[in-house]
Amino acid sequence: MSNNTSTDKSRRYLNPYLGGVLLGLVLLAANFVSGRGLGASGAIKSVVATTIGTVDKEAIGTMPFMAEYAESHSGNPMKSWLVFQMLGVIVGGFLSGTFAGRLKLKVEHSPKITSRRRLIFALAGGVLFGFGSQLGRGCTSGSALSGMAVLSLGGFVTMMAIFGTAFALAYFFRKNWI
Amino acid sequence: MGPLAPNEIISENTNFLLAFFIGIAFGWVLESSGFSSSRKLAGIFYGYDTVVLKVFFTAAITAMLGLLFMSLFGWTDLDLVYVNPTYLTSAIAGGVVMGAGFIMGGFCPGTSFCGAAIGKIDAMVFIGGLFIGVYGFAFTYGWWEKLYLARYLGEPKISDKLGISDGLFGFLLILIALGMFVVAEWAEKKFPREEY
């Protein structure tokens, strides 16, 4: 293998198999410490529930989905395991990016599309992912990855549905990426 | 011994503090594996970069094997570890909607926070979308309630459903993953992209 220069981006990332083992150990630690896996969308739900409760206390009562959640998280919904974990994710991502010299304010997109198009699709994708994560009771982290580690049938089903659908639709959105 | 929090070996507040540290490690590994870049993440769907597949399956297998061995050695009680419940209809429907969001947005929720943490504006906009989507689901929950609760199967393990032991399932999953890794390495050579 040739000795690549530091400008070669891919060299600066972790070997993916090593990254996978490390991620697996983090997930194992979460299960050993807290008896639960990793997650992301649950923290967003906590923030949304808190925001609705702060802006209009009555509104929570009219939303059975959030009311049920607020009931099962009595006290402050922000005082949840996933909220603390996600705060850590932001810190960890920032530190890793800092040490690797990847901190930069920018819109990342294929040279074939505009920033504006990228941002419109990012927003639409976010809306769908947020919606789907509530319908599917967890996202790629909480449902698919963490579910697979504990052999949950639902985890495997959700994983296949996420990746299968993205593969099936990849042709229609190819211009955004290749 | 484990899991520590459900066995009350550590307090609730210690558990929250450890959640923060586990999160730091989680974010660090995601970012350093390249998950802060939507173009790297989306690569799996076109074959030019398969880092998602490699990291995802290696991680799932590492954690699964770790839990099986820790249970075998009596270090952790799997009965106290949370197993995601299976509502078959919404697991599929939610996954389909998330898959569409993935190919359009290029992130999933966890990775979008990593991207935002290093300054990706597209990731920040994606996060804005996540909040709208979560609120939208809660707001329109009445329309989806039946779908959300349909075909509840309890907390079945996939190995039980297939009628095989956890160990055998784990072994088969490793073989499947190795097969996919071979295809992934081939795909990266077949559909190379340098400039992203």
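Here the structure is a predicted model, which means the values were calculated and not measured.

Some remarks on the pattern of salt bridges
- Tallied over the entire structure, the rule returns seven salt bridges over all chains.
- Measuring nitrogen to oxygen at the nearest pair gives 3.5 Å for the salt bridge that ties Glu-108 of chain A to Lys-120 of chain B. Remark: Lys-120 of chain B occurs in the loop between α5 (109-117) and α6 (121-139) and Glu-108 of chain A occurs in the loop between α6 (81-99) and α7 (115-135); the pair is interchain, linking two chains. The residues Glu-108 of chain A and Lys-120 of chain B share a single accessibility class, namely buried.
- In this structure, Lys-40 of chain B and Asp-49 of chain B form a salt bridge, with 2.9 Å as the shortest nitrogen-oxygen distance.
- Judged by its relative accessible area of 8%, Lys-40 of chain B falls in the buried class.
- Salt bridges here are not isolated pairs; linked through shared partners, they connect Lys-54, Glu-185 and Glu-188 of chain B.

Notes on the side chain of Ser-110 of chain A
- Locating Ser-110 of chain A in the fold gives a position in the loop between α6 and α7.
- On the accessibility criterion, Ser-110 of chain A (1% relative accessible area) is buried.

What about the interface of chain A and chain B?
- Of the residues lining the interface, 116 residues belong to chain A; the matching set on chain B comes to 123 residues.
- On the chain A side of the contact with chain B, Phe-32, Arg-137 and Trp-177 of chain A bury the most area, a combined 8% of that side's loss.
- Our count for the contact surface shared by chain A and chain B stands at three salt bridges.
- The interface formed by chain A and chain B contains 39 residue pairs in polar contact (both at pLDDT 80 or more).
- Elements supplying a minimum of two residues to the side of chain A that touches chain B: α2 (16-34), α3 (41-55), α5 (64-72), α6, α7, α8 (140-149), α9 (153-169) and α10 (174-177) of chain A.

Parameters and conventions
Residues numbered from 1 in each chain as written. Chains lettered and ligands numbered in written order. Predicted model: local features only at pLDDT ≥ 70, side-chain atom pairs only at ≥ 80, totals over all residues. Heavy atoms only, no water. Salt bridge = Lys/Arg side-chain N within 4 Å of Asp/Glu carboxyl O. Helix = DSSP H or I, 4+ residues; strand = E, 2+ residues; numbered from the N terminus. Buried < 20%, exposed > 50% of the residue type's maximum accessible area, 1.4 Å probe, protein only. Contact = heavy atoms within 4.5 Å. Buried area = accessible area lost by both parts, 1.4 Å probe. Polar contact = N/O pair within 3.5 Å; in protein donor to acceptor, adjacent residues only side chain to side chain.

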